[in-house]
Amino acid sequence: MFVIFVLTKYEQFEKTYKMKHIDSFETNLDNSLKQISSFLKQYSKFVIIIHQNPDGDAIGSATALANLLQQLEKSVTIMVDNQLPDNLKFLKGFEEIIVYSSNPAPEIIREAEVILIMDLNDSNRMSSIEQEYLESKAIKMLIDHHINPKLEVEVMAVDTDATSTGELTWKLLRDNFRHYINKEIAESCYVAIMTDTGNFRYDRTDIEIFRIAAEIISYGADPVKLYNDVYNTFSIKAAKLLGKALAGIETHYDDRMCVMTVSKNDYRNYSCTNDDTEGFVDYTLMLDGVTVGILIKEDLEKDIIKISLRSKGEYHVRELGVHFNGGGHKHASGARVEAGNLEEVKSELIRLAGEMIFRDL
Ligand code: 5GP
Ligand code: MN
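Residues numbered from 1 in each chain as written. Chains lettered and ligands numbered in written order. Predicted model: local features only at pLDDT ≥ 70, side-chain atom pairs only at ≥ 80, totals over all residues. Heavy atoms only, no water.

So, about the side chain of Asp119. Here Asp119 shows up in the loop between strand 4 (114-118) and helix 5 (130-135). A distance of 3.3 Å separates a polar atom in the side chain of Asp119 from a polar atom in the side chain of His145. Separated by 2.8 Å, the side chains of Asp119 and Thr165 make a polar contact. Residues in contact with Asp119, not counting those within four places in the same chain, are His51, Asp55, Asp57, Ala58, Ile143, Asp144, His145, His146, Thr165 and Asp196. (Helix = DSSP H or I, 4+ residues; strand = E, 2+ residues; numbered from the N terminus. Polar contact = N/O pair within 3.5 Å; in protein donor to acceptor, adjacent residues only side chain to side chain. Contact = heavy atoms within 4.5 Å.)

Here it is as structure tokens:
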């Protein structure tokens, strides 16, 4: 066995990441993607695992790759812990995704020759699939853009400078399987990149990603249609819940920080589900002067608090996510607190964010 790493800025990653069978160390993304492509050609039974509460990047990347594997006449199953966002239903391959917590399929994992993990870097984000994944003897490969992967895999293509897993998936397909790219693959990759860049406005939105978007559009992805399909699908009940959440926002530290909360009761009062708060956290950063934006919400069914963190400029919210055993990126991170109390989590976050804001002043 061998391991291929790709990292860009995070040299400490080499030291901190403990792996068992490191025969080679690779710092070239193209070489790692080439290695992944040769495994895709060589083997025939694949499972793709994405993170719980999957977003456009996870679903877009996975459906694009599954489309390729089907064309190569391989067996492929995409698996995810829990429910899927309805607004991505139109993507080719979406309907075949297995929701593991309601429909476990351990035998498919046991039979897999290769497990491809996309858009996550810690097996606990697989939730109900994690145990079966850990026990699997399949070859494990990772394509991702999060900092500090904690997964033990045979091959990884991790680029922490990439906007999205969709960008890496596109490079894999473009450079190794060009003739297999079709309109559906282009749409999946476009949606992955569009959603993880907040429609080309978060940082890392640069010349290269616009060039990639242009390439993808040349394969038939329609940016106007895809924007409409993904974003202009807000329901009236979700809009009213947003109104309640916005009316209740708090600001702290001379309005540098904004906190929004959504409780179980809020969901119930507006007949909403967990999915309906998608995108709410973005509103906290829209306020003039706010540099740290936080959304804290109770899960409607489970005894879990979900935290979403966003920042601008120098503020590094990943450390706040990590404090609650979560993770993510510098400007967008998150965590889940089991059996937490919303008010307690809120006070703790306000305190921690205050320390960060005043430390950096
Ligand atoms: P969101 O706030 O949209 O749920 O998540 C923002 C980012 O934070 C995600 O892209 C993901 O990288 C990270 N993230 C969110 N929740 C978790 C979590 O529970 N654990 C970890 N490790 N990362 C998370
Ligand atoms: Mn992503």
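Next comes the rest of the description.
Each protein donor to the manganese ion (ligand 2) is listed here as Asp57 (OD), Asp119 (OD), His145 (NE2) and Asp196 (OD); together their distances run 2.1 to 2.4 Å. Spacing between the donor residues of the manganese ion (ligand 2) along the chain follows D-x61-D-x25-H-x50-D. With Asp57 in helix 3 (residues 56-71) and His145 in the loop between strand 5 (139-144) and strand 6 (155-158), the pair connects residues that are 88 residues apart, well separated along the chain. Given a relative accessible area of 1%, His145 falls into the buried group. (Donors = N, O, S within 2.8 Å, 3.2 Å for Na, K, Ca; no water. Buried < 20%, exposed > 50% of the residue type's maximum accessible area, 1.4 Å probe, protein only.)

The subject of this paragraph is the sheet that holds strand 8 (residues 257-262). Pairing is mixed in the open sheet, where six strands are placed in the order 7-8-9-10-12-11. Strands at the two margins of the open sheet, each flanked by one partner only, are strand 7 (250-252) and strand 11 (327-328). (Pairing = 2+ DSSP bridges.)

A few words on the site of ligand 1. Around ligand 1, the surrounding shell holds 14 residues, and the nearest of these are His146, Lys306, Ser308, Arg310 and Ser333. Between a nitrogen atom of ligand 1 and a main-chain N or O atom of Gly327, the distance comes to 3.2 Å. Sorting the residues of the shell around ligand 1 by element identifies strand 10 (304-311), strand 11 and strand 12 (332-338) as the ones contributing at least two each. A total of five residues in the shell around ligand 1 trace back to one element, the largest contributor, which is strand 12. Looking at the shell around ligand 1 residue by residue, the class counts come to two nonpolar, eight polar and four charged. (Near = heavy atom within 4 Å. Nonpolar A, V, L, I, M, F, W, Y, C, P; charged D, E, K, R; others polar.)

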